[in-house]
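The residues making up each chain are set out below.
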2 protein chains.
Amino acid sequence: MQFSPRLQQLLQAFRRLPGVGGKTAQRLAFHVLEHDRDGARALAEALQAALRDVVRCSRCRMFAEAEVCGICSGPTRDSSTLCVVESPADVMAIEDSASFRGMYFVLHGRLSPLDGIGPAEIGAEQFASAIAAPAVREVILATSATVEGEATAAYLASLVREQGKRATRIAHGVPIGGELEYVDSSTLSRAIAGRVTVEQASRDRA
Amino acid sequence: MQFSPRLQQLLQAFRRLPGVGGKTAQRLAFHVLEHDRDGARALAEALQAALRDVVRCSRCRMFAEAEVCGICSGPTRDSSTLCVVESPADVMAIEDSASFRGMYFVLHGRLSPLDGIGPAEIGAEQFASAIAAPAVREVILATSATVEGEATAAYLASLVREQGKRATRIAHGVPIGGELEYVDSSTLSRAIAGRVTVEQASRDRA
């Protein structure tokens, strides 16, 4: 049986969301129509407002509602360090860890030639001009630990070194609180290959 | 760290959907803003169109875009049988099984006094006038096999009998293709209590 046209349209629109299949789309559509019409109205308006007002920061490409985002325009941030991440969600995760007070650069993806994602798509030109700022001394490459993430980090590191600045990569290894027997073997081999002498480790902590 | 106001608003709107928590809301919002702005626009418009045009059928309370839905106005349906279900999704499920050619009545819930859902909320008055139609001879109670669903069926059955019509309940038991050892014990005890003699069963199949 066919749903009525508007309902059909709503189901299709829900199905475009990631992770939403036919059954879930039906559950969402029926829920809002039966029990939460205000919520549906709020969602429609929030989507339109976000589409209208949310742009990319002209400096770091993070989501922003002005030309420059809150972090780039913040007076208390350390502009000598720039952390490069793949997505806005990564910025939120690092901010939540409260371990970094520098600036960011958001790639919105990672190099993946087969998917047509090259230097232009990840904003390489904008990245080059961001790291050219005299204040920047170190660029932390925090792309993901996947083949594509590593390739992206290697490519960006070459751009950083061209400008005579320091490129660093976040550490990879056994997660804190992780039990060795449950850690996957690639992480373990990375943790062993990247081992640090105990003296150096205690100096790092100091 | 706080998101920008529009983004915050969008996250909150997504979180109102059933089964969507903070992480999922963030994934959905970032996905539409980064990769599918057209999809977000389509969703906003589909929501608003559905809110404007989707109403309840004045006869069966199914979702409709006219005063009377496609099933109620369909010329090929058997108006002697009325099947009562809890939600529009149940109508779709029965239609997909292609085992019923009669009319429907959608309760949009089930009796649950503790949640403030009484006869008025499930449309008891409209139900009474629907079954009063001279053509209706049998009412199939297809509410769910829960305590509230059974109570709702019992209440509606009394309304049906008041009008001197036949009230039936869908069969409950072991699902087709289900292996006995994996069937839960309440279903099994129901299947045993509701056993039918083999002669009757073969006559039913004929």
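Scroll up to find the structure.
Residues numbered from 1 in each chain as written. Chains lettered and ligands numbered in written order. Predicted model: local features only at pLDDT ≥ 70, side-chain atom pairs only at ≥ 80, totals over all residues. Heavy atoms only, no water.

I'd love a proper account of the overall build of chain A, names of residues and values included.
A tally of regular secondary structure across chain A gives nine helices and six strands. Its C-alpha atoms give chain A a radius of gyration of 22 Å, more than 25% over the compact-globule value 17 Å for 206 residues. Taken along its principal axes, the extent of the C-alpha atoms in chain A is 70 × 45 × 35 Å. Counting only contacts in chain A whose residues sit at least 6 apart along the sequence, the fraction spanning at least 24 positions is 50%. Working note: accessible area of chain A is about 11,200 Å², and carbon and sulfur atoms make up 53% of it. Seen as two clouds, the 23 positive and the 24 negative side-chain charges of chain A have centres 2 Å apart. (Helix = DSSP H or I, 4+ residues; strand = E, 2+ residues; numbered from the N terminus. Rg over C-alpha atoms; globule rule 2.2 N^0.38 Å. Contact = heavy atoms within 4.5 Å. Areas by Shrake-Rupley, 256 points an atom, 1.4 Å probe, with all protein chains shown as cover. Lys, Arg positive; Asp, Glu negative; His and termini not counted. Charge placed at Lys NZ, Arg CZ, Asp CG, Glu CD.)

Can you lay out the interface of chain A and chain B for me, pointing to particular residues and giving the numbers?
With 49 residues of chain A in contact, the opposing surface of chain B contributes 49 residues. Between chain A and chain B lies a buried interface of about 5,000 Å² when both sides are counted; carbon and sulfur atoms form 69% of it. One salt bridge in this structure joins A:D36 and B:R16, with 2.8 Å as the shortest N-O distance. Across the contact surface, chain A and chain B share 15 residue pairs in polar contact (both at pLDDT 80 or more). Those elements that provide at least two residues to the side of chain A that touches chain B are α1 (5–15), α2 (22–35), α3 (37–53) and α5 (88–97) of chain A. Sort the elements by how many residues they give to the side of chain A that touches chain B and α3(A) lands first, with 16 residues. (Buried area = accessible area lost by both parts, 1.4 Å probe. Salt bridge = Lys/Arg side-chain N within 4 Å of Asp/Glu carboxyl O. Polar contact = N/O pair within 3.5 Å; in protein donor to acceptor, adjacent residues only side chain to side chain.)

Outline the side chain of A:E86, supporting the account with residue identities and numerical values.
Residue and element names in this part refer to chain A. With respect to the helices and strands, the residue E86 is situated in the loop between β3 (81–85) and α5. Among the polar contacts made by the side chain of E86, one reaches the side chain of R110 at a distance of 3.2 Å. At a separation of 2.9 Å, a polar atom in the side chain of E86 contacts the side chain of S144.

Quick one: what's the story with the pairing of β3(A), residue by residue and with numbers?
Residues and elements named next belong to chain A. Along β3, five of the five residues are buried, which leaves the element largely enclosed by surrounding structure. Judged by which residues are buried, β3 turns out to be covered on both faces: T81, C83 and V85 on one side and L82 and V84 on the other are all buried. In this structure, β3 lies alongside strand β5 (residues 138–141), joined through four bridges in parallel fashion. Across the sheet, residue V84 finds its bridge partner in β5, namely L141. Sheet analysis places β3 next to strand β4 (residues 103–106), joined by four bridges and oriented parallel. (Buried < 20%, exposed > 50% of the residue type's maximum accessible area, 1.4 Å probe, protein only. Pairing = 2+ DSSP bridges.)

So, the sheet that holds β5(A): which residues are in play, and what are the values?
One key point about sheets: their strands pair by backbone hydrogen bonds, in either a parallel or an antiparallel sense. All names here are of chain A. The strand order β4-β3-β5-β6 describes an open sheet built from four strands, whose pairing is parallel. With partners counted over all chains shown, the strands left at the sheet margins are β4 and β6 (166–169), one partner each. Between one strand axis and the next, the sheet turns through 25 degrees on average, direction left out of account. Across the sheet, helix α7 (residues 147–162) lies against β3, β5 and β6, angled at about 165 degrees from β6, the strand it touches most. (Axes fitted to C-alpha atoms, helices over the stretch in contact; angles between N-to-C directions.)

I'd love a proper account of the pattern of salt bridges, names of residues and values included.
Opposite charge on two side chains permits pairing when their charged atoms draw close. In total, this model carries 20 salt bridges over all chains according to the counting rule given. The partner of A:E95 in a salt bridge is A:R77, with the nearest N and O atoms 2.9 Å apart. Of this pair, A:E95 sits in helix α5 while A:R77 is found in the loop between α4 (70–73) and β3, placing the two residues 18 residues apart along the sequence. By relative accessible area, which is 14% here, A:E95 ends up buried. For B:R190, the salt bridge identified is with B:E150, shortest N-O distance 3.3 Å. With B:R190 in helix α8 (residues 185–193) and B:E150 in helix α7 (residues 147–162), this pair connects stretches of sequence that are 40 residues apart. Taking relative accessible area as the criterion, B:E150 reaches 25% and is therefore assigned partly exposed. Ionic contacts of the salt-bridge type, sharing partners, join the residues A:R6, B:R52 and B:D53 into one network.

Purely spatial values, then, with no claim about function.
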